[in-house]
There are 6 protein chains.
Amino acid sequence: MPRHDGRQPLDLRPLSLQRRFTRPSPGSVLVRAGGTSVICVASVSSEVPRWLQGAGRGWVTAEYNMMPGSTQPRKARDRKGNVDGRTTEIQRLIGRSLRAVCDLEALGECMITVDCDVLEADGGTRTASITGALVALVDAIATVELPDPSRYPLRDSVAAISAGIVEGECVLDLDYPEDAAATVDMNVVMTGSGRFVEIQGTGEESTFDDDELASLIKLARDGIGRITHVQQESLGADWPFG
Amino acid sequence: MPRHDGRQPLDLRPLSLQRRFTRPSPGSVLVRAGGTSVICVASVSSEVPRWLQGAGRGWVTAEYNMMPGSTQPRKARDRKGNVDGRTTEIQRLIGRSLRAVCDLEALGECMITVDCDVLEADGGTRTASITGALVALVDAIATVELPDPSRYPLRDSVAAISAGIVEGECVLDLDYPEDAAATVDMNVVMTGSGRFVEIQGTGEESTFDDDELASLIKLARDGIGRITHVQQESLGADWPFG
Amino acid sequence: MPRHDGRQPLDLRPLSLQRRFTRPSPGSVLVRAGGTSVICVASVSSEVPRWLQGAGRGWVTAEYNMMPGSTQPRKARDRKGNVDGRTTEIQRLIGRSLRAVCDLEALGECMITVDCDVLEADGGTRTASITGALVALVDAIATVELPDPSRYPLRDSVAAISAGIVEGECVLDLDYPEDAAATVDMNVVMTGSGRFVEIQGTGEESTFDDDELASLIKLARDGIGRITHVQQESLGADWPFG
Amino acid sequence: MPRHDGRQPLDLRPLSLQRRFTRPSPGSVLVRAGGTSVICVASVSSEVPRWLQGAGRGWVTAEYNMMPGSTQPRKARDRKGNVDGRTTEIQRLIGRSLRAVCDLEALGECMITVDCDVLEADGGTRTASITGALVALVDAIATVELPDPSRYPLRDSVAAISAGIVEGECVLDLDYPEDAAATVDMNVVMTGSGRFVEIQGTGEESTFDDDELASLIKLARDGIGRITHVQQESLGADWPFG
Amino acid sequence: MPRHDGRQPLDLRPLSLQRRFTRPSPGSVLVRAGGTSVICVASVSSEVPRWLQGAGRGWVTAEYNMMPGSTQPRKARDRKGNVDGRTTEIQRLIGRSLRAVCDLEALGECMITVDCDVLEADGGTRTASITGALVALVDAIATVELPDPSRYPLRDSVAAISAGIVEGECVLDLDYPEDAAATVDMNVVMTGSGRFVEIQGTGEESTFDDDELASLIKLARDGIGRITHVQQESLGADWPFG
Amino acid sequence: MPRHDGRQPLDLRPLSLQRRFTRPSPGSVLVRAGGTSVICVASVSSEVPRWLQGAGRGWVTAEYNMMPGSTQPRKARDRKGNVDGRTTEIQRLIGRSLRAVCDLEALGECMITVDCDVLEADGGTRTASITGALVALVDAIATVELPDPSRYPLRDSVAAISAGIVEGECVLDLDYPEDAAATVDMNVVMTGSGRFVEIQGTGEESTFDDDELASLIKLARDGIGRITHVQQESLGADWPFG
């Protein structure tokens, strides 16, 4: 039985990565995954956080934000200083995922911030953010004067995808209606060489067993292989990994 | 003497308006004016502010925001709840400018919010926002069920431009380096039929006289005529004014 | 090779649950797991959140907090209104975990809040919180007038534990020094009957493979069986599950 | 046709400036303009803002506030940290206006803050604030040890007034009922020698043309001449300008 | 040995009360006690706090604030939403003191807020605020339509004064230098008929004994008698008490 | 006539002090006074507040907090950054009371913070906090390396109790129902040797006379003698006073 948009269970939505989307920052990527789009902009600063000053290491962090017009009805801006829990969780996840493949000493004493601003939200915004952030990060690193040019600050690529159980079936890359209907929702972050960076599986007022867990992980692993390929094509000759 | 980017005093920067830039909201326009770009997204809600409830009138408001990657160095997000003074001033100006041409009774009891998020900041972000917001507003109004379809809720178009005195010369549409060097800075908002909506002229640690005021207004009036033409071309057959 | 505190890899720390620890609230449990202790207090209110009013369903939520004296050096209170990201993540996890076993319709229109305040923090505070919160929740539900007394509002018990990879070895129930040294950190939430509620596995500036994932899950499943037993003994005749 | 309070279009309200109104600060002026009164207090500090430290220049800034009892009904204090947009705009305008006539190098490394607290609000509070602030500033500067006593830190005086179109007629110095009824509202800040510092003209859900603009500016220029005279009389022998 | 300003231990500073100081609010009193001055403005609103709605009773509350120019160096405004502890304590004391003599049922369902804004701070600002607030309150009550005109909403007058131990001597009405030097500081609030409303005695890094307590209370009682007389003279024929 | 819980007017509620209640901090005391219980945890830090840096003196401060489950209905956490006035007043009182018996020079340059978190609130939480905080402070000081070991940093012990007038009778140590019914409420803080540290007496919408004041102080003095004895027994051989 095909999915509501005609996809098979293991089909990804059309995925594209547009580099150099804006000019002021060295890394700027527009990710589109079906009806979801995110601008990932990587900025470089020579000022590291206080607790790293003088340590000779760099830092990579991320901020996530849904723009007001990214959903219907409009999402009010957070202007009272209360960043909501979901936002905080997502931006911490993006930052951790990037750092998992970073050699922060090789980066030298600098700070890279990747801003992931969601233009259109149709499910999978956090995984699209990670996928795009990697490409923006590569472009930003190209502008950093490294302490040792022979030591590249990324050990591997990283990408992410969601999988879940919808109407009893394990499916890949859920869009918003599927996400809302899912009884189990899983986000998987993996490296280009197929190692786990992060697994987050949640029963939404529901629970799941070992077999379901295994199926979801298999789907995700397969999808991430294809996403890594899209990242590689987008960077072309600038792809820094083997 | 040509300007630092080769323009003559009364030259505008290349201006383009891309409609339907994102999908979730009915009005979505990407404005580009030289190195400045702003996404103007107009959302419609049936909930008017409390003080208007039951009054049978609508409301139009705007929010303005510079995205973190829109400048170098990166502009930190305001997440402490202290919207800075400049932001507040600008979004109040955008909202007032739109309402000056609105017939809020004709709109019926609904609320239109135009979000102006700056992707690239190279001077003139507030005037580009107003120019783009008008087009997004027209597209949003097209989706509103009006109480009286024969009474269109906009009386006229509105657009804006900056003018200023740089190195003793009156010039139009200042980019960031010019804006920083200007001794007098003026923003003018006008209707398509050439009436003033707002004039804000400021001596930056400087003052100006009647002749300089007159020259700046003349430059601005001329520029707004050309900008109105770009708005009209962008909307094509959807241009609702005579 | 034994762990730094003499435990074997699959050993839990000594775990105890002290019911009726404080008097004002119907559920109040002091959880002690080695050097970690948390007060879990469940309060009942007849006021449900706004979006549930009149729906005939209840709600269960949790708040998490580390008390200032729970660590050395003292942890400053958050009194500026910026609940930190870690706190937000943890309290969302606790709430989700409890709701995964809740039949919110059976609860009727009431709101149960479980406050988890950490008195002593030596690793595993979030998993200890979930384990204690279940017992406090059972005690609180006993004071609620249910719409249908024959329909008990919990479908199963729930408990949680951490597992991780420390110095290359998979170990259960990490204390703080182990947590700080772990390359992979996993929190598992399961029901008393052995179904997953939540899995969160994170490589800390590291990655992991399928075999490691399987080992960690096996360890956690085993530990949760023993923890469920401690919960059952603590509740004695009040244990509401088969 | 006379105005609702009997004034002719170009009449100012009775204006008085009471120096040395309070004792702790070197400059303290009570401005009364008809039913509006504002306390302008200028304080001097040796600490300049961070970005000026060591630059050998001073800084002049202003804060504006409406006291709770200044209007009916009472205006709630802003104690949630959200200074409203109108307040921000006004205090930025006052600060800019003072700095436009300041020679900040001549002031030396010190910081002057002028607090404008409105005791009674009956229209024109921002322009009364600027008019009074200049006098408080002169008194405060008299207590500053200047780096070069022969170089006075103010190049000119500054004063402000409103003009507007009420029931189709251009009038000067609007009180609150006129301000509420005006279709066009303009605030003009000028130096004692008649040069513009700032012009802000706004159509209130309305627009205006070149002739109306010219009439309003003429009215304002005339009024500011008379206001400058009141400032000069108030300072008497302490008037520092030619 | 006379005090540093020549007063004897039981001398008050010159005290004056100027009614109708500002026009928008029904009660407005400028209190001057030596170098201290406070504006006490009483506003009346028909909206009582939520918890009183429909109860047929009124409410009286107070807010206290030190204006930025009231001290040297300037006191920064609290614009981050953190009202400091001292401010909170003082405004709660003022409100409690006024309510202690209020018959809130006789007031009917209305809300009176007394704003005490300190123009000049030279010690004793909280006691001067209470003394002035009573007079502003009487003037505000005169504008309230009482449910039963034969039942006056104040049972007695109230006034306040400080006493303390300075260089071993018990003195009345401390100014700022005395307050800073005092080892014991006491604020006493009493009714016109000599009953206590509030006593707050504090050893400032010091302690005191029964005899000292008795002496301070005696001084304060005596002073309040004289202050009540000043209140009575200020209100003249409007003095509502026997 | 006995009180509602059977006590005579001068009876204290059962009072106990449990030292070493939690492990991470050097001082940790659980105070129980009838239905009220408070955890007092004293932490030591080498960082003094900025204004004390380099002064060679220490500082002692306190924070007070009611835990959410300490009352019925549940008390919402303050997570918006608005510490309420009552909390601020109480923690300032606790800190002042401890410092009144402290020799801050003898402490050397260190900072002791005593956190008083109320587990169960049944009246008298502020006085129980002071009583427990003294014991936690003694335990914390025992871990501080004093600049001069022969000079002990506490000059005396300190304890506190409430007294009040309930149904016309003066009673000691009010519980919550008595506190709510009291017309006069007094908190007294005294040293072990019987000197006043702080007296706060308040008429709750009521007033009181000299005789009532004297009776309340006598009751309190008597109660504090007995409380000091409990403190002494709790510390046993560690009691540092004569």
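If you're wondering where the values come from, they're calculated on a predicted model, not measured in any experiment. Residue numbers restart at each chain and count upward from 1, following the sequence in its written direction. Whichever chain is written first becomes A and whichever ligand is written first becomes 1, with later ones labelled in order. This being a predicted model, a pLDDT of at least 70 is required before a residue's local features are given, and a value of 80 or more before pairs of side-chain atoms are given or counted; all residues contribute to the totals for chains, interfaces and linings. The basis for every side-chain value is the complete set of heavy atoms in the structure, and neither hydrogens nor water enter the calculation.

Draft legend 1. Structural detail: the overall build of chain A. Looking only at helices and strands, one finds 5 helices and 9 strands in chain A. Secondary structure counts use DSSP, requiring at least four H or I residues in a row for a helix and at least two E residues in a row for a strand, with both numbered from the N terminus. Taken from the N to the C terminus, the helices and strands of chain A come in the order β-β-β-β-α-α-β-α-β-β-α-β-β-α. As defined in this context, the radius of gyration uses C-alpha atoms, and a globule is described by 2.2 Å times the residue total to the power 0.38. In terms of overall dimensions, chain A is globule-like: its C-alpha atoms have a radius of gyration of 18 Å, near the 18 Å expected for 242 residues. A principal-axis box enclosing the C-alpha atoms of chain A has dimensions of 55 × 45 × 30 Å. Each of the 242 residues in chain A was classed as buried or not, and the buried ones make up 61%. Nonlocal contacts in chain A, meaning residues at least 24 apart in sequence, comprise 71% of its contacts between residues at least 6 apart. With an accessible surface of roughly 9,200 Å², chain A has 48% of that area assigned to carbon and sulfur atoms. Across chain A, the mean location of the 25 positive side-chain charges is 6 Å away from that of the 35 negative side-chain charges. With a 1.4 Å probe rolled over the protein chains alone, any residue whose accessible area is under 20% of its type maximum counts as buried; one over 50% counts as exposed, and the rest are partly exposed. What makes two residues a contact is simply this: any of their non-hydrogen atoms within 4.5 Å. Values of accessible area rely on a 1.4 Å probe in the Shrake-Rupley scheme; residue burial ignores everything except the protein chains shown. Only four residue types enter the charge count, namely Lys and Arg as positive and Asp and Glu as negative; His and the chain termini do not. Lys charges are placed at NZ, Arg charges at CZ, Asp charges at CG and Glu charges at CD.

Draft legend 2. Just the confidence of the model for chain A, in detail. Here pLDDT means the predictor's own confidence in every residue, given as a number from 0 to 100. The share of residues in chain A with pLDDT of 70 or more is 98%, and the mean pLDDT across the chain is 95. For this predicted complex, the interface confidence reaches an ipTM of 0.94, while the overall pTM sits at 0.90.

Draft legend 3. Spatial organisation of the packing of aromatic side chains. Only Phe, Tyr and Trp rings are paired, with Trp represented by its six-membered ring, and only when their centres lie within 6.5 Å; those with planes under 30 degrees apart are stacked, over 60 edge-to-face, the remainder tilted. Applying the stated criterion across every chain, the model contains 27 aromatic pairs over all chains. Seen in terms of ring centroids, Trp51 of chain D and Trp59 of chain D are 4.8 Å apart; in terms of plane orientation they differ by 80°. Their pairing is edge-to-face. Residue Trp51 of chain D is classed as exposed on the basis of its relative accessible area, which comes to 57%. For the pair Trp239 of chain E and Phe241 of chain E, a centre-to-centre distance of 5.0 Å together with 80° between the ring planes defines the contact as edge-to-face.

Draft legend 4. Layout of the sheet that holds strand E5 (residues 111–120) of chain E. Residue and element names in this part refer to chain E. The pairing criterion for strands is at least two bridges between them, as found by DSSP. The 5 strands lie next to each other as E1-E2-E3-E5-E4, forming an open sheet whose pairing is mixed. Of all the strands in the sheet, just strand E1 (15–19) and strand E4 (59–66) have a single pairing partner and so form its edges. Each adjacent strand pair in this sheet contributes to an overall mean axis angle of 20°, direction not counted. Of the pairings in the sheet, the one linking strand E3 (residues 36–45) to E5 comprises 9 bridges and is antiparallel in character. Along E5, the bridge assignment pairs Val41 with Asp115. In the packing of helix H3 (residues 125–141) onto the sheet, contacts are made with E1, strand E2 (27–33), E3, E4 and E5, and the angle to E3 comes to roughly 35°. Only the stretch in contact is used when fitting a helix axis, every axis being a line fitted to C-alpha atoms; angles between N-to-C directions are given from 0 to 180 degrees.

Draft legend 5. Region of interest: the arrangement of the chains. Nowhere do chain C and chain D come into contact; their C-alpha atoms are at least 11 Å apart. No part of chain A reaches chain E; the closest C-alpha pair between them is 12 Å apart.

Draft legend 6. A look at the interface of chain F and chain C. The interface of chain F with chain C comprises 36 residues on the first partner and 36 residues on the second. For the pairing of chain F and chain C, the buried interface totals around 2,800 Å² over both sides, and the portion due to carbon and sulfur atoms is 45%. We count a salt bridge whenever a side-chain nitrogen from Lys or Arg sits within 4 Å of a carboxyl oxygen from Asp or Glu. The partner of Glu63 of chain F in a salt bridge is Arg74 of chain C, and the shortest N-O contact between them spans 3.2 Å. Sorting the residues of the side of chain F that touches chain C by element identifies strand E3 (36–45), strand E4 (59–66), helix H1 (85–100) and strand E5 (111–120) of chain F as the ones contributing at least two each. Tallying contributions element by element places E5 of chain F first for the side of chain F that touches chain C, with 6 residues. Each of two parts loses accessible area, computed with a 1.4 Å probe, when they are put together; buried area is these two losses added.

Draft legend 7. Layout of the relation of the copies chain F and chain C. Only residues with pLDDT of at least 70 in both copies count here: their C-alpha atoms drive the least-squares fit that superposes the copies. Once chain F has been moved 0.0 Å along the axis and rotated by 180°, it coincides with chain C to within an RMSD of 0.0 Å. What the rotation and shift describe, once combined, is the action of a two-fold rotation axis. A share of 100% of the interface residues of chain F reappears at the interface of chain C, consistent with the copies meeting face to face through the same patch.

Draft legend 8. Representation of helix H5 (residues 210–235) of chain D within the structure. To estimate how far a helix should reach, multiply one less than its number of residues by 1.5 Å. If you check H5 of chain D, its first and last C-alpha atoms are 37 Å apart, about what 26 residues at 1.5 Å a residue would give, namely 38 Å. Positive phi appears at Gly236 of chain D, one or two residues downstream of H5 of chain D, with a value of about 55°.

Draft legend 9. Molecular detail of the pairing of strand E9 (residues 196–203) of chain F. When you tally the buried positions in E9 of chain F, you get 8 out of 8 residues, the bulk of the element. Relative to E9 of chain F, strand E9 (residues 196–203) of chain E runs antiparallel, the two sharing 5 bridges. Among the inter-strand pairings, Gly201 of chain E is bridged to a residue of E9 of chain F, identified as Ile199 of chain F. Relative to E9 of chain F, strand E8 (residues 184–191) of chain F is paired through 7 bridges, and the arrangement is antiparallel. The residue of E9 of chain F that forms the bridge with Met186 of chain F is Gly201 of chain F.

Draft legend 10. The arrangement of the packing of helix H3 (residues 125–141) of chain F against helix H5 (residues 210–235) of chain F in detail. Residue and element names in this part refer to chain F. Following both chains from N to C, one finds H3 and H5 inclined at 30°, their axes separated by 10 Å at the closest point. Taken as axis vectors, H3 and H5 run roughly parallel relative to one another. Our pair here, H3 against H5, has a crossing hand that is right-handed. From H3, Thr131, Leu134, Val135, Val138 and Asp139 reach across to H5, where they touch Ile227, Gln231, Ser234 and Leu235. Residues are sorted three ways: Asp, Glu, Lys and Arg are charged, Ala, Val, Leu, Ile, Met, Phe, Trp, Tyr, Cys and Pro are nonpolar, and all the rest, Gly among them, are polar. For the contact of H3 with H5, the residue count by class is 5 nonpolar, 3 polar and 1 charged. Relative orientations are named as follows: roughly parallel for angles under 35 degrees, roughly antiparallel for angles over 145 degrees, roughly perpendicular for angles from 65 to 115 degrees, and oblique for any other angle. With the far helix as reference, a near helix turned anticlockwise by less than a right angle produces a left-handed crossing, and one turned clockwise produces a right-handed crossing.

Draft legend 11. Representation of the pattern of salt bridges within the structure. Counting across every chain of the model gives 133 salt bridges over all chains. One salt bridge in this structure joins Glu178 of chain A and Arg7 of chain A, with 3.4 Å as the shortest N-O distance. Note that Glu178 of chain A is positioned in helix H4 (residues 176–181) and Arg7 of chain A in the segment before strand E1 (15–19), a separation of 171 residues in sequence. Judged by relative accessible area, which is 5%, Glu178 of chain A ranks as buried. On the basis of relative accessibility, which here comes to 7%, the residue Arg7 of chain A falls in the buried class. With a shortest N-O distance of 2.8 Å, Asp222 of chain D and Arg226 of chain D are connected by a salt bridge.

Draft legend 12. Examining the sheet that holds strand E8 (residues 184–191) of chain E more closely. Spatially, 8 strands are ordered E7(E)-E6(E)-E8(E)-E9(E)-E9(F)-E8(F)-E6(F)-E7(F) in an open sheet, and the strand pairing comes out antiparallel. Where the open sheet ends on each side, the last strands, each with one partner, are strand E7 (169–172) of chain E together with strand E7 (169–172) of chain F. Taking the axes of each pair of neighbouring strands and ignoring which way they run, one obtains an average angle of 15° across the sheet. On top of the sheet, H3 of chain E reaches strand E6 (158–166), E8 and E9 of chain E; it is set at about 165° to E6 of chain E, its chief contact. The strands touched by helix H5 (residues 210–235) of chain E within the sheet are E6, E7, E8 and E9 of chain E together with E9 of chain F, with E6 of chain E carrying the most contacts at an inclination of about 140°.

Draft legend 13. Structural context of unusual backbone geometry. The amide bond that connects Gln72 of chain A to the next residue, Pro73 of chain A, takes the cis arrangement and shows omega of 0°. Mapped onto the secondary structure, Pro73 of chain A falls in the loop between strand E4 (59–66) and helix H1 (85–100). If you check the backbone angles, Glu167 of chain E has positive phi at about 45° while not being a glycine. With respect to the element layout, Glu167 of chain E can be found in the loop between E6 and E7. With a relative accessible area of 70%, Glu167 of chain E lands in the exposed category.

Draft legend 14. Summary view of the packing of helix H1 (residues 85–100) of chain E against H1 of chain F. Contact geometry for H1 of chain E and H1 of chain F: axes closest at 9 Å, N-to-C directions at 115°. Relative to H1 of chain F, H1 of chain E is oriented roughly perpendicular. Seen from above, H1 of chain E lies across H1 of chain F with left-handed handedness. On the side of H1 of chain E, the interface is formed by Gly85, Arg86, Thr88, Glu89, Arg92 and Arg96 of chain E, while H1 of chain F contributes Gly85, Arg86, Thr88, Glu89, Arg92 and Arg96 of chain F.

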